[in-house]
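Here is what each chain is made of, one letter per residue.
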Amino acid sequence: PYKFVQYEADQFIEYERYDDYWGGAPAPDRMFMEISTAEVAIVKLQRGELHLVNPIVATEVARLQEDMSLEVLVAENSAQWYGMEMNYFTNDGLWQDPRAKQAFLYSIDRQGYVDSILQGQGVVRHSFFDGTAYACPTMVEYNYDPDRAAELWAEIGVNPADVTIDMMSWLGLNARRDYLPIAQEFLRAQGFLVNVDFIDNSLITDYVQGNGPRGEDWDFHVLLFGPGADPGVILPFITEGSGANWGYRSWPEAPNAETGRKDNAVDFTHPDLPALIEAARVETDDAARTAIYQQIDCIWNEYHPAFATASPSFLAARSQMLQGTDWQNNAGLGFWLRMYRPGDLWVWDGS
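The rules behind the values
- Residues numbered from 1 in each chain as written.
- Predicted model: local features only at pLDDT ≥ 70, side-chain atom pairs only at ≥ 80, totals over all residues.
- Heavy atoms only, no water.
- Helix = DSSP H or I, 4+ residues; strand = E, 2+ residues; numbered from the N terminus.
- Buried < 20%, exposed > 50% of the residue type's maximum accessible area, 1.4 Å probe, protein only.
- Contact = heavy atoms within 4.5 Å.
- Areas by Shrake-Rupley, 256 points an atom, 1.4 Å probe, with all protein chains shown as cover.
- Lys, Arg positive; Asp, Glu negative; His and termini not counted.
- Charge placed at Lys NZ, Arg CZ, Asp CG, Glu CD.
- Pairing = 2+ DSSP bridges.
- Axes fitted to C-alpha atoms, helices over the stretch in contact; angles between N-to-C directions.
- Parallel < 35°, antiparallel > 145°, perpendicular 65-115°, else oblique.
- Left-handed = near helix turned anticlockwise from the far one by under 90°.
- Core = buried A, V, L, I, M, F, W, Y, C linked by side-chain atoms within 4.5 Å.

1. Observations concerning the overall build of the chain
For step 1, the next point in the chain: A tally of regular secondary structure across the chain gives 14 helices and 14 strands.
For step 2, the next point in the chain: Principal-axis analysis of the C-alpha atoms places the extent of the chain at approximately 70 × 45 × 45 Å.
For step 3, the next point in the chain: Across the 351 residues that make up the chain, the buried fraction comes to 42%.
For step 4, the next point in the chain: When contacts within the chain are restricted to residue pairs at least 6 apart in sequence, long-range pairs at least 24 apart make up 68% of them.
For step 5, the next point in the chain: When the accessible surface of the chain is summed, it comes to about 17100 Å², and 49% of that surface belongs to carbon and sulfur atoms.
For step 6, the next point in the chain: The distance from the centre of the 23 positive side-chain charges to the centre of the 52 negative ones in the chain is 4 Å.

Listed below in structure tokens is the structure:
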């Protein structure tokens, strides 16, 4: 619906109306996407100099909701979640045991994280497809339960005082990063020694390949993932032999130059997964396909090849003058950085 006109570096991108667009010509003659810091953008929105700001941070929601000239747009997020990826080899392979993963989840008040860091703008997730049609119908919810966690630690012979857990986040996505200090305090309450590393993005590869401050003994690093619009996105990560397999990709070493594979790496797998994966790849009936992915999600919900922490809502703010926004459809499936049907937008002139 719009054609590119010009780009001013670090300032704005200008578009003009394309009258021959197949869906009908859009209303505004021009659209400008301004490049700005979040703080400046909010001030300009309140002054009426901008009509839409995306994204806004959760800590701004309550304040902006008091401004009657604005509307805070909230899209419930079923497409992405913040999570944690684990090193399957550290602590003598502790995180290959699903009971250890379950105990980890029970040890941390993730709802408290949603309430505090996400300002209530999100929801705890207990599996890959939690919150979607593909969610396990017998979902186990791993809500904060330190007593149950202690039982599981004891069941697998873990004395927390003897275990050090190292967690890492790189820069960006502060809300995802800020889960780690919360997890650290709850795990310390269980008796673990816990270290948290915040590193520059340029050091990620060195860290996960065992060349960071924790060597090859790091336990977890942060993750942003989820089902998106197609459940098939999960398949490479649970397929045995895939370079994307959760167990394989977290083993901290570079691949062998001769074989192309990491020496002694393990793959996350389950006896039922190969048949389910093959069925998921060829099934075209919607109901049957949904049932297959629900079975896959039940395996995830028990074995946790990686951790799903919580899904933050997608937040934006608009001037009351801007009409035609459909934020749930725009952002709900994870496309929050793209503009959905911009040709439907128009600005009310107050008349």
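2. Focus: the pairing of strand S6 (residues 81-86)
For step 1, the next point in the chain: With 6 of 6 residues buried, S6 lies mostly within the body of the structure.
For step 2, the next point in the chain: Note that S6 and strand S10 (residues 220-225) share 6 bridges and pair antiparallel. In the sheet register, Glu 85 faces S10, and the bridge partner there is His 221.
For step 3, the next point in the chain: Pairing analysis gives 3 bridges linking S6 to strand S11 (residues 307-312), with the strands arranged antiparallel. Across the sheet, residue Met 84 finds its bridge partner in S11, namely Phe 307.

3. Some thoughts on the packing of helix H4 (residues 98-106) against helix H6 (residues 146-155)
For step 1, the next point in the chain: Between H4 and H6, the shortest axis-to-axis distance is 8 Å and the interhelical angle comes to 155°. Viewed along their axes, H4 and H6 adopt a mutual orientation that is roughly antiparallel. The chirality of how H4 crosses H6 is left-handed. For the pair H4 and H6, the contacting residues are Arg 99, Ala 100, Gln 102, Ala 103, Phe 104 and Tyr 106 in the first and Pro 146, Arg 148, Ala 149, Leu 152, Trp 153 and Glu 155 in the second.

4. Notes on the sheet that holds strand S2 (residues 12-17)
For step 1, the next point in the chain: Strand order in the open sheet made by the 3 strands is S1-S2-S3, with antiparallel pairing throughout. Each having just a single partner strand, strand S1 (2-8) and strand S3 (30-34) make up the two edges of the open sheet. Each strand axis lies, on average, 20° off the axis of its neighbour in the sheet, ignoring direction.
For step 2, the next point in the chain: Where S2 and S3 come together, 5 bridges link them in antiparallel fashion. Bridge pairing links Tyr 15 to Met 31 in S3.

5. Observations regarding the nonpolar core
For step 1, the next point in the chain: Of all hydrophobic cores here, the largest spans 64 residues; its most connected members are Phe 104, Trp 153 and Met 167.
For step 2, the next point in the chain: Beyond its immediate stretch of four places on either side in the chain, Trp 153 contacts Trp 95, Ala 100, Ala 103, Phe 104, Ser 107, Val 158, Gln 190 and Phe 192.

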